[in-house]
Amino acid sequence: MLRRFAAVSASALLCLAGTATVAEARTESLYTPSAVVLSISKGADASSVTVLRAVTLSCAPTASGTHPAPEAACAELKAVSQSGAFEGLLASPAPDRMCPQHFDPVTVTVDGVWEGSRTSWQYTFGNACAMGVTLNGGAAFAF
């Protein structure tokens, strides 16, 4: 009786081990991950700035996160991204908009995983007005 119990227990453990490996093999997603942290910081160097505002943004399979308009932000980032760089966010400033020429640097960053690849992009503006004019009302940093 004890042998039979041991044999059944061993069989059950083998079955469980087999299903555990099958479950691990199916954890791949159908979507390429895109989850980033967007931040606006005071200062010129991203390694020593003071973060003023930051939000999370996940774009696959659906737009979500703490960003106030995740769908619009995801659409904008998808439209302008090229190999993890987001220079397309930097529109030509409107010629009828002027900013003061004082230097009070503001740095924006996109940090995380974009379309399955690690990304860390930053851009520093001379001041907050220059940031607003250059980003030209874009959704990504409108938080």
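Residues numbered from 1 in each chain as written. Predicted model: local features only at pLDDT ≥ 70, side-chain atom pairs only at ≥ 80, totals over all residues. Heavy atoms only, no water.

**Observations concerning the sheet that holds strand E1 (residues 35-42)**
Operational definition: We call two strands paired when DSSP finds no fewer than two bridges between them. Secondary structure elements are defined from DSSP: runs of H or I of at least 4 residues count as helices, runs of E of at least 2 residues count as strands, and each element is numbered from the N terminus. Where helices are involved, their axes are fitted lines through C-alpha atoms of the stretch in contact, as for all axes, and angles between N-to-C directions lie from 0 to 180°.
Taken together, the four strands give an open sheet; going across it, the order is E2-E1-E3-E4, and neighbouring strands pair in antiparallel fashion. In this open sheet, the two strands that pair with only one neighbour each are strand E2 (50-58) and strand E4 (117-125). With strand direction ignored, the average angle separating the axes of adjacent strands in the sheet is 10°. Bridge analysis of strand E3 (residues 106-114) against E4 gives nine bridges, and the strand direction is antiparallel. When the sheet's bridge partners are listed, Gly112 is paired in E4 with Thr119.

**Considering the packing of aromatic side chains**
Two descriptors summarise a pair of aromatic rings, namely the distance from one centre to the other and the angle between the planes of the rings. We apply this condition: Any pair of Phe, Tyr and Trp rings, taking the six-membered ring for Trp, is counted once the centres come within 6.5 Å. Such a pair is stacked with planes under 30 degrees apart, edge-to-face with planes over 60 apart, and tilted for the rest. Buried residues are those whose accessible area, probed at 1.4 Å on protein chains only, stays under 20% of the maximum for their type, while exposed residues exceed 50% and partly exposed ones sit between those limits.
Overall, the coordinates contain four aromatic pairs when judged by the stated rule. Here Phe86 and Trp114 contribute two aromatic rings whose centre-to-centre distance is 5.8 Å and whose plane-to-plane angle is 75°, an arrangement assigned as edge-to-face. One end of the pair, Phe86, is in the loop between helix H2 (70-80) and E3; the other, Trp114, is in strand E3, and 28 residues separate them in sequence. In this structure, Phe86 and Trp114 share a single accessibility class: buried. Ring-pair connections join several aromatic residues into one group, and the members of that group are Phe86, Trp114 and Trp121.

**Focus on the nonpolar core**
Worth spelling out the cut-off: For the purposes of this section, nonpolar cores are sets of buried Ala, Val, Leu, Ile, Met, Phe, Trp, Tyr and Cys residues that join through side-chain atoms within 4.5 Å.
In this structure, Leu38, Leu57, Leu77, Phe86, Leu89 and Phe141 are the most contacted members of the largest nonpolar core, which totals 22 residues. Those elements that place two or more of their residues in this core are E1, E2, H2, E3, E4 and helix H3 (128-135).

**Observations concerning H2**
Defined as follows: Relevant arc is that of directions from the helix axis to the C-beta atoms, nothing else.
Considered for burial, the residues of H2 that qualify are Pro70, Ala73, Cys74, Glu76, Leu77 and Val80. Down the axis of H2, the buried set is contained in an arc of 165°. They therefore lie on one face. Those residues of H2 that are exposed and aimed more than 90 degrees away from the buried face are Glu71 and Ala79.

**What to know about the side chain of Ser39**
Definition in use: A contact between two residues is defined here by any heavy atoms of the two lying within 4.5 Å.
Position of Ser39 relative to the elements: it lies in strand E1. With sequence-adjacent residues up to four places away left out, Ser39 is seen in contact with Val51, Arg53, Ala54, Thr107, Val108, Thr109, Phe141 and Phe143.

**Some thoughts on the state of the cysteines**
Heads up, the rule is: Criterion for a disulfide: a pair of cysteine sulfur atoms within 2.5 Å.
In total, this model carries two disulfides according to the counting rule given. Paired through a disulfide, Cys99 and Cys129 show a sulfur-sulfur distance of 2.0 Å. Here the disulfide of Cys99 and Cys129 is left-handed, its torsion about the S-S bond being about -80°. Note that Cys99 is positioned in the loop between H2 and E3 and Cys129 in helix H3, a separation of 30 residues in sequence. With relative accessibility at 29%, the residue Cys129 sits in the partly exposed group. Sequence-ordered numbering of the bonded cysteines in the protein chain gives a disulfide pattern of 1-2, 3-4.

**Overview of H3**
Our working rule: In protein, a polar contact means a hydrogen-donor-capable atom and an acceptor-capable atom, both N or O and within 3.5 Å, with residues adjacent in sequence counting only if both atoms are side-chain atoms; elsewhere, any N or O pair within 3.5 Å suffices.
Those residues of H3 not exposed but buried are Met131, Val133, Thr134 and Leu135. At its buried positions, H3 is contacted by E1, E3 and E4. Capping the start of H3, Asn127 holds a side-chain oxygen 3.1 Å from the backbone nitrogen of Cys129, two or three residues further along. Looking one or two residues past H3, Asn136 carries a phi angle of roughly 50°, positive in sign.

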